[in-house]
Amino acid sequence: MADGELVERIAATTGLAPAEAERIVEDVLAWYREPVEEYVRRRHRHHKVYGKRNAQIYRLIAAELSERLVAPPELTERQLRRVIYG
């Protein structure tokens, strides 16, 4: 269950019903709970679809990770490659 105080604040500031606000809060929290490994693999697939090469993708993913709300430790290109390819 989402933080009640946060749900109340979202509902009050947006005009959403408490149930809708709770669903949104839970969705956002789930987004940020995604394990780093899954995030890296998902973003790698995304960038590949748009024609980027691995060297560029590794830089992009490293930059994206550093901007996450709760940033994981910085990963090297080698560590990113290992997450993606095992």
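Calculation notes
Residues numbered from 1 in each chain as written. Predicted model: local features only at pLDDT ≥ 70, side-chain atom pairs only at ≥ 80, totals over all residues. Heavy atoms only, no water. Helix = DSSP H or I, 4+ residues; strand = E, 2+ residues; numbered from the N terminus. Rg over C-alpha atoms; globule rule 2.2 N^0.38 Å. Buried < 20%, exposed > 50% of the residue type's maximum accessible area, 1.4 Å probe, protein only. Core = buried A, V, L, I, M, F, W, Y, C linked by side-chain atoms within 4.5 Å. Contact = heavy atoms within 4.5 Å. Expected span 1.5 Å × (residues − 1). Arc of directions from axis to C-beta. Salt bridge = Lys/Arg side-chain N within 4 Å of Asp/Glu carboxyl O.

**Brief notes about the overall build of the protein chain**
So, step 1. Each helix and strand in the protein chain was counted, giving five helices and zero strands.
So, step 2. A globule of 86 residues ought to have a C-alpha radius of gyration of about 12 Å, yet the protein chain, at 17 Å, is considerably larger.
So, step 3. Projected onto its principal axes, the C-alpha positions of the protein chain cover 45 × 25 × 20 Å.
So, step 4. The buried share of the protein chain, reckoned over its 86 residues, is 23%.

**Section: the nonpolar core**
Proteins that are soluble and globular tend to have nonpolar side chains buried together.
So, step 1. By size, the foremost hydrophobic cluster in this structure holds nine residues: Tyr39, Val40, Ile57, Tyr58, Ile61, Leu65, Leu80, Val83 and Ile84.
So, step 2. Breaking this core down by element, the ones donating at least two residues are helix 3 (36–49), helix 4 (54–67) and helix 5 (77–85).
So, step 3. Element by element, the count of residues in this core is highest for helix 4, at four residues.
So, step 4. What leucine 65 contacts, discounting residues up to four positions off in sequence, is Val36, Tyr39, Val40, Ala71, Pro72, Leu75 and Leu80.
So, step 5. Core analysis: the second largest hydrophobic core is formed by five residues, Ala2, Val7, Ala11 and Ala21 among them.

**Description of helix 4**
So, step 1. Taking 1.5 Å per residue as the helical rise, helix 4 with its 14 residues ought to reach 20 Å, and the 20 Å between its terminal C-alpha atoms agrees with that figure.
So, step 2. Every buried residue of helix 4 is listed here: Ile57, Tyr58, Ile61, Glu64 and Leu65. Seen along its axis, helix 4 keeps its buried residues to an arc of 130°; they face one direction. Helix 4 presents Arg59, Ser66 and Glu67 as exposed residues on the side facing more than 90 degrees away from its buried surface.
So, step 3. Turning to helix 4, the residues buried within the fold contact helix 3 and helix 5.

**Points about the pattern of salt bridges**
So, step 1. Going through the model one piece at a time under the given rule, you end up with three salt bridges.
So, step 2. Between glutamate 34 and arginine 42 there is a salt bridge; the shortest N-O distance is 2.9 Å.
So, step 3. For arginine 42, a relative accessible area of 24% gives the class partly exposed.

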